[in-house]
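# Coordinate analysis (summary)
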Amino acid sequence: MTAEEKAALIKGVSELLLNVLNKPLESTFVVIEEVDTENWGWGGLPVLDYRQKLASKMK
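Because the structure is predicted, anything quoted here is derived from the model rather than measured.

A word on the overall build of the protein. Helices and strands together make up the secondary structure of the protein, namely two helices and two strands. Secondary structure elements in the protein, listed N-terminal to C-terminal, are α-β-β-α. Computed over the C-alpha atoms, the radius of gyration of the protein is 17 Å, more than 25% above the 10 Å expected from 2.2 N^0.38 for a compact globule of 59 residues. Across its three principal directions, the C-alpha atoms of the protein cover 45 × 25 × 20 Å. Out of the 59 residues belonging to the protein, those deemed buried represent 7%. For the protein, the exposed area adds up to about 5,100 Å²; of that, 58% sits on carbon and sulfur atoms.

Our next topic: helix α1 (residues 3–21). In this model α1 runs 26 Å from its N-terminal to its C-terminal C-alpha over 19 residues, within 8% of the 27 Å that 1.5 Å per residue would give. One or two residues past the end of α1 sits N22, with phi positive at roughly 55°.

The full count for this structure, using the stated rule, is one aromatic pair. Aromatic side chains W42 and Y50 sit 4.5 Å apart centroid to centroid with 35° between the ring planes, which places their arrangement in the tilted category. For Y50, a relative accessible area of 17% gives the class buried.

In this section: a nonpolar patch on the surface. Together, V35, W40, W42 and L54 make up an exposed nonpolar region whose accessible area comes to about 350 Å². As for its placement among the helices and strands, W42 is situated in strand β1 (residues 41–42). By relative accessible area, W42 is classed as partly exposed at 41%.

Residue placement: D49 occurs in helix α2 (residues 47–58). On the basis of relative accessible area, D49 is assigned to the partly exposed category, the value being 38%. Considering only alpha carbons, one finds D49 and P24, 25 residues apart in sequence, at a separation of 41 Å.

What counts as what
- Residues numbered from 1 in each chain as written.
- Predicted model: local features only at pLDDT ≥ 70, side-chain atom pairs only at ≥ 80, totals over all residues.
- Heavy atoms only, no water.
- Helix = DSSP H or I, 4+ residues; strand = E, 2+ residues; numbered from the N terminus.
- Rg over C-alpha atoms; globule rule 2.2 N^0.38 Å.
- Buried < 20%, exposed > 50% of the residue type's maximum accessible area, 1.4 Å probe, protein only.
- Areas by Shrake-Rupley, 256 points an atom, 1.4 Å probe, with all protein chains shown as cover.
- Expected span 1.5 Å × (residues − 1).
- Phe/Tyr/Trp six-rings, centres within 6.5 Å; stacked < 30°, edge-to-face > 60°.
- Patch = residues over 30% accessible without salt bridge, like charges linked within 9 Å, V, L, I, M, F, W, Y side chains within 5 Å.
- Salt bridge = Lys/Arg side-chain N within 4 Å of Asp/Glu carboxyl O.

Here it is in structure tokens:
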């Protein structure tokens, strides 16, 4: 993700919280945590294995 994309994400999330929850921008903190794919799982599997499983079902 580029710095520009991160800035857009921060702006969008902050504005959503302002518009939906009336939460002031000054009290909104957005943290972007990027996790390497080998460090997380999904559906009981390492994420790369899970993605392969999904891809094989779509064929």
